[in-house]
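Commentary on secondary and tertiary structure
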Amino acid sequence: MATTKVYDSIVLGVTDIGESDLIVTFLTKDSGKIKCIAKGARKSIKRFMNALEPFTHLNAVVRSNARSDLFFLENASVKDGFEAIRTNYNNFVMASLCVELVDFWCKEGQKEQTIHRLLLWYLGSLASGANHILCTLIFKTRLLDLCGFLPSLYRCSQCTSEITDHIVHYNPVSGQIYCKNCRDTKKLYKMGIVALKSLQFWQRQSEDKIFRLKINSSAAEDAWNYLKAVHCNVLEKQPKTYNLIDKIVY
Ligand SMILES: [Zn+2]
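As the structure is a computational prediction, the values presented were derived from the model and not from experiment.

**Notes on the overall build of the chain**
A tally of regular secondary structure across the chain gives seven helices and eight strands. In terms of C-alpha radius of gyration, the chain reaches 20 Å, essentially the compact-globule figure of 18 Å for 250 residues. Overall, the chain is about 65 × 40 × 30 Å in size when its C-alpha atoms are taken along their principal axes. Taking all 250 residues of the chain together, the buried fraction comes to 48%. About 12600 Å² of surface is accessible on the chain, with carbon and sulfur atoms providing 49% of the total. Distance from the positive charge centre (33 side chains) to the negative charge centre (24 side chains) of the chain: 2 Å.

Next comes the structure, spelled out in structure tokens:
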């Protein structure tokens, strides 16, 4: 028997299939990631208006059938289209990167309420004018943490002593950090202590105070390189949006 349900959803991606249909990937609040077939969506613009664009927050009316695991999108009503993201190139690229990361991290049918909430916070912050690099650094720190892959940022992962060095060494595959006494044994990358302290702040701080920490461009670049390496190495793939970002300018 077919059932119809309304999902609070964020569009992660859209792919063409056949002449007129689309497959839309949603991160839903209650059921995690789902892929829906939107019949005729490419021909009938009117039916879905402009709802089926990446990072749109919408209510998706979805039909499913107990005998198969296919989902069909019947209707969609936009809650927030985040227009300020689409009309600014830097915002657009960063948001594209973040939805791609969420798509990679989330498995279909696995509840991801905290990631849904984090992504909505991120899109809302970008759209209301927060710095695109800072927002994205915070988002990527928290996403890694929610996925369980942010290692301890306080102690050397070998000798467990507290990290106080000016330059911190880390393993670009696991993200684990090392003090100056343990660093020689591994093939490690480097970042400044300010970048490490910033990552600690972004992991722990509440949303209402998260933008209080101001960082300089070299700390932003160090933190960016750390997060990019760990996300890509743990996922064993690189989001294609990274090709559009040669160098971050903070
Ligand atoms: Zn150590």
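**Focus: the pairing of strand β6 (residues 167-170)**
On any regular strand, side chains alternate: one points to one face of the sheet, the next to the other face. With four bridges connecting them, β6 and strand β8 (residues 189-192) associate as antiparallel partners. Bridge pairing in β8 places His169 opposite Lys190. Strand direction decides the pairing type here: β6 and strand β7 (residues 177-178), joined by two bridges, are antiparallel. Considered in β7, the bridge of Tyr170 is made with Ile177.

**Section: the packing of helix α3 (residues 89-105) against helix α7 (residues 217-235)**
Where α3 contacts α7, the axes come no closer than 11 Å and their chain directions differ by 35 degrees. α3 and α7 meet at a crossing whose hand is left-handed. Here α3 contributes Met94, Leu97, Leu101, Phe104 and Trp105 to the contact with α7, which in turn contributes Trp224, His231, Val234 and Leu235. Here the residues of the contact of α3 with α7 are counted per class, giving eight nonpolar, one polar and no charged.

**Overview of the coordination of the zinc ion**
In the first shell of the zinc ion, the protein supplies Cys156 (SG), Cys159 (SG), Cys179 (SG) and Cys182 (SG), at 2.3 Å from the metal. Around the zinc ion, the four donor atoms are arranged such that angles at the metal cover 107 to 116 degrees; this shape is classified as tetrahedral.

Quick notes on the rules
Residues numbered from 1 in each chain as written. Predicted model: local features only at pLDDT ≥ 70, side-chain atom pairs only at ≥ 80, totals over all residues. Heavy atoms only, no water. Helix = DSSP H or I, 4+ residues; strand = E, 2+ residues; numbered from the N terminus. Rg over C-alpha atoms; globule rule 2.2 N^0.38 Å. Buried < 20%, exposed > 50% of the residue type's maximum accessible area, 1.4 Å probe, protein only. Areas by Shrake-Rupley, 256 points an atom, 1.4 Å probe, with all protein chains shown as cover. Lys, Arg positive; Asp, Glu negative; His and termini not counted. Charge placed at Lys NZ, Arg CZ, Asp CG, Glu CD. Pairing = 2+ DSSP bridges. Axes fitted to C-alpha atoms, helices over the stretch in contact; angles between N-to-C directions. Left-handed = near helix turned anticlockwise from the far one by under 90°. Contact = heavy atoms within 4.5 Å. Nonpolar A, V, L, I, M, F, W, Y, C, P; charged D, E, K, R; others polar. Donors = N, O, S within 2.8 Å, 3.2 Å for Na, K, Ca; no water. Tetrahedral: all angles 85-135°; square planar, octahedral: opposite > 155°, others 65-115°.

Keep in mind that these numbers describe shape and distance, not what the molecule does.
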